[in-house]
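The residues making up each chain are set out below.
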Amino acid sequence: MDQPYAVVGISNVPTDWAAVFRSLAGSDLTLVTVPGAALPTSPGAASDRADHDGTGHHGTGPGPVAGAPSMRMTPPSVLDLHAYLLTAIGKAARRRLTDKLAARGLRLWHLTVMALLGDLGPQMKTVLAARLDMNASDLVKIVNDLEKAGHVDCVRDPADRRRVVVRLTAEGRSSLAALSAEIATADDEILAPLDTAEREQLASLLRRVHSHLEPAPAGVVHERPSSARSRRQAADIPVQTHSVEDGRVDWTRPAESIARLVDSRRHAHPAAYTHHDGRRLDILGATVSRHSYAGTPGLVLHTEDEGVVVVTGTEAHTGRNHGLALTLLRTDEGREVAPEECFGPADSVLADESGTLNGGPGPRRSG
């Protein structure tokens with residue numbers, strides 16, 4: 001007489017239990033599905049279910065039988081909770097992002113460090129750790145990983161041979177560009193229901209919330225525009241839309257390009273603008289500086305002969321780039337003011353032997 005047996009599968013790694021039990025079905029065992037004890041069709045299904053159970057618990061619970069209609073649902077009442085939606089969407093996005101990084105042997109922190117070096121140029125490890133709010137020892141491990149992979153190297157700072165800075169290698173820049181393109185495909189998957197205009201609007205709103213939760217570092221006016229708007233600015237194409245994002249200044253652009261943007265939007269809405277100390281500042285007047293300045297994009301310097309100058313360009317750390325000399329600003333209250341009124345007391349700027357101007361002690365940055 002046949003006797004029924006209960007089989008319980010336990011694994012400490014993702015396992016396709018449906019495939020396991022299908023293989024058992026080819027034996028002389030008779031398998032019966034117990035109601036309420038359905039199996040996931042794949043490891044991904046179990047992962048998705050764990051991320052949608054509302055608790056964030058990464059366990060293995062019941063799932064749909066292969067071919068059966070899915071019973072999974074999100075409680076309608078939580079769809080009005082923005083924090084819940086952001087958490088659920090964030091989990092889905094993080095899974096896709098980490099998968100693409102893992103395929104290259106990288107983790108999220110590796111990408112973050114590479115991106116910051118790509119944005120701001122070579123940085124000391126202590127500065128990197130402070131910018132990313134990382135433990136210094138953890139940052140060292142990440143840099144060591146990237147150095148072994150050939151993505152970064154550690155060299156003497158040309159401006160001060162006593163300092164060692166971390167910089168992206170040519171291979172690192174190529175890898176970052178390729179990785180960014182891959183991540184863009186994940187964006188397309190997640191944002192598939194939205195058209196281009198809706199995606200830019202969502203990105204603008206998310207950046208505003210992000211700026212609210214994580215204010216820019218003191219003294220920095222570093223802005224990262226949407227890719228589409230960045231391409232328009234790079235090509236110096238007059239903007240015909242009225243999106244608030246069209247006026248946002250990208251300080252990694254050359255000073256000449258930013259000056260043309262400021263001039264073209266002087267009487268438009270929105271005017272060219274940036275943020276500093278949590279305030280929006282419209283830039284109504286600016287010219288390309290006569291001198292070259294060293295620093296990171298968005299660094300604000302007070303000079304004796306050119307007034308307030310903002311460092312610009314992706315290679316600003318080399319000291320070969322001209323900056324943007326600000327002449328007239330408008331506050332978010334609508335007042336037109338001199339730049340010195342917005343950026344506080346002047347910090348000295350000294351000239352080195354090459355004629356490049358470098359910030360003195362405690363230069364302010366904008367953000």
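Residues numbered from 1 in each chain as written. Predicted model: local features only at pLDDT ≥ 70, side-chain atom pairs only at ≥ 80, totals over all residues. Heavy atoms only, no water.

Engineer: Looking at this structure, how should I read the overall build of the chain?
Structural biologist: Across its full length, the chain holds 11 helices and 11 strands. Expressed as a percentage of the 367 residues in the chain, the buried residues total 35%. Sequence-distant contacts, at least 24 apart, represent 55% of the contacts inside the chain between residues at least 6 apart. Accessible surface computed for the chain: about 21,300 Å², of which carbon and sulfur atoms make up 57%. (Helix = DSSP H or I, 4+ residues; strand = E, 2+ residues; numbered from the N terminus. Buried < 20%, exposed > 50% of the residue type's maximum accessible area, 1.4 Å probe, protein only. Contact = heavy atoms within 4.5 Å. Areas by Shrake-Rupley, 256 points an atom, 1.4 Å probe, with all protein chains shown as cover.)

Engineer: I tried to follow the pattern of salt bridges on my own but got confused; where do I start?
Structural biologist: Using the criterion set out here, one finds 9 salt bridges in the structure. In this structure, the salt-bridge partner of Arg 96 is Glu 189, at a minimum N-O distance of 3.2 Å. Here Glu 189 lies in helix 7 (residues 170–190) and Arg 96 lies in helix 3 (residues 82–102), a separation of 93 residues in the sequence. Among the residues examined, Arg 96 registers a relative accessible area of 31% and is labelled partly exposed. A relative accessible area of 47% places Glu 189 in the partly exposed class. (Salt bridge = Lys/Arg side-chain N within 4 Å of Asp/Glu carboxyl O.)

Engineer: What is the right way to look at helix 6 (residues 136–148) in this model?
Structural biologist: Quick reminder: α-helices carry 3.6 residues per turn. Residues three or four places apart thus point the same way. Helix length check: helix 6, at 13 residues, gives a terminal C-alpha distance of 18 Å against a target of 18 Å (1.5 Å per residue), a fit within 8%. Every buried residue belonging to helix 6 is among Leu 139, Ile 142, Val 143 and Leu 146, and all of these are buried. The buried residues of helix 6 all sit within an arc of 100° when viewed along its axis, so they share a single face. The outward face of helix 6, more than 90 degrees from its buried face, is lined by the exposed residues Lys 141 and Lys 148. At the C-terminal side of helix 6, Gly 150 shows a positive phi close to 85°. (Expected span 1.5 Å × (residues − 1). Arc of directions from axis to C-beta.)

Engineer: Can you help me understand the packing of helix 3 against helix 7 in this one?
Structural biologist: Each pair of packed helices can be summarised by the angle the axes make with each other and by the distance between the axes. Helix 7 packs onto helix 3 with a crossing angle of 150° between their chain directions and a minimal axis gap of 10 Å. As summarised for this structure, helix 3 and helix 7 are arranged roughly antiparallel, according to the angle between their axes. The handedness of the crossing between helix 3 and helix 7 is right-handed. When helix 3 is examined against helix 7, the residues Ile 89, Ala 93, Arg 96, Leu 97, Lys 100 and Leu 101 are found in contact with a partner set consisting of Leu 179, Glu 182, Ile 183, Thr 185, Ala 186, Glu 189 and Ile 190. Grouping the amino acids of the contact of helix 3 with helix 7 by side-chain chemistry returns 8 nonpolar, 1 polar and 4 charged. (Axes fitted to C-alpha atoms, helices over the stretch in contact; angles between N-to-C directions. Parallel < 35°, antiparallel > 145°, perpendicular 65-115°, else oblique. Left-handed = near helix turned anticlockwise from the far one by under 90°. Nonpolar A, V, L, I, M, F, W, Y, C, P; charged D, E, K, R; others polar.)

Engineer: What is the right way to look at the packing of helix 4 (residues 108–120) against helix 7 in this model?
Structural biologist: As a packed pair, helix 4 and helix 7 sit with axes 10 Å apart at the nearest point and diverge in direction by 115°. Considering how the two elements wind past one another, helix 4 and helix 7 form a crossing that is left-handed. Where helix 4 approaches helix 7, its residues Leu 111, Met 114, Ala 115 and Gly 118 are matched on the opposing element by Gly 172, Arg 173, Ser 175, Leu 176, Leu 179 and Ile 183. Taken together, the residues of the contact of helix 4 with helix 7 break down into 6 nonpolar, 3 polar and 1 charged.

Engineer: Would you explain the confidence of the model for the chain in this entry?
Structural biologist: Note: predicted coordinates in regions of low pLDDT should not be interpreted at a detailed level. Looking at the chain as a whole, its pLDDT mean stands at 74, while 65% of the residues score no less than 70. In the predicted structure, residues 34–65 sits below a pLDDT of 50 and forms 47 contacts with residues beyond four places in sequence or in another chain. The low-confidence segment residues 222–242 (pLDDT under 50) makes 49 contacts with residues lying over four places distant or belonging to another chain. (pLDDT = per-residue confidence, 0-100.)

Engineer: Can you help me understand the environment of Glu 306 in this one?
Structural biologist: Structurally, Glu 306 is set in the loop between strand 5 (299–303) and strand 6 (307–310). On the accessibility criterion, Glu 306 (11% relative accessible area) is buried. For the pair Glu 306 and His 291, spaced 15 residues apart in sequence, the C-alpha to C-alpha distance is 8.8 Å. Not counting the four nearest positions on each side in its chain, Glu 306 is found in contact with Ser 289, Arg 290, His 291, Tyr 293 and Ala 325. One polar contact links the side chain of Glu 306 to the main-chain amide nitrogen of His 291, over a distance of 3.4 Å. (Polar contact = N/O pair within 3.5 Å; in protein donor to acceptor, adjacent residues only side chain to side chain.)

Engineer: How do you make sense of the nonpolar core when you look at a structure like this?
Structural biologist: A general trend in soluble globular proteins is that nonpolar side chains are found buried together. One finds Leu 111, Val 113, Leu 117, Leu 128, Leu 139, Leu 146 and Val 152 to be the most contacted residues of the largest nonpolar core, which totals 23 residues. Beyond its immediate chain neighbours, meaning those up to four positions away, Val 152 contacts Leu 117, Val 143, Leu 146, Glu 147, Val 166, Arg 167, Leu 168 and Thr 169. In terms of nonpolar packing, the next biggest core, distinct from the first, is built from 19 residues, Val 262, Ala 286, Val 310 and Leu 324 among them. (Core = buried A, V, L, I, M, F, W, Y, C linked by side-chain atoms within 4.5 Å.)

Engineer: Any chance you could explain the packing of aromatic side chains here in plain terms?
Structural biologist: Two aromatic rings, taken as a pair, are described by how far apart their centres are and by the angle between their planes. Going through the model one piece at a time under the given rule, you end up with 0 aromatic pairs. A cation over an aromatic ring shows up here: Arg 280 above the ring of Tyr 273, its NZ or CZ 3.8 Å from the ring centre. (Phe/Tyr/Trp six-rings, centres within 6.5 Å; stacked < 30°, edge-to-face > 60°. Lys NZ or Arg CZ within 6 Å of the ring centre and 35° of its normal.)

Engineer: Teacher, can you tell me more about the side chain of Gln 123 here?
Structural biologist: By the element assignment, Gln 123 lies in the loop between helix 4 and helix 5 (125–132). Its relative accessible area of 7% is what places Gln 123 among the buried residues.

Engineer: Can you walk me through the environment of Ser 211 in this structure?
Structural biologist: One can find Ser 211 in helix 8 (residues 196–213). For Ser 211, a relative accessible area of 43% puts it in the partly exposed group.

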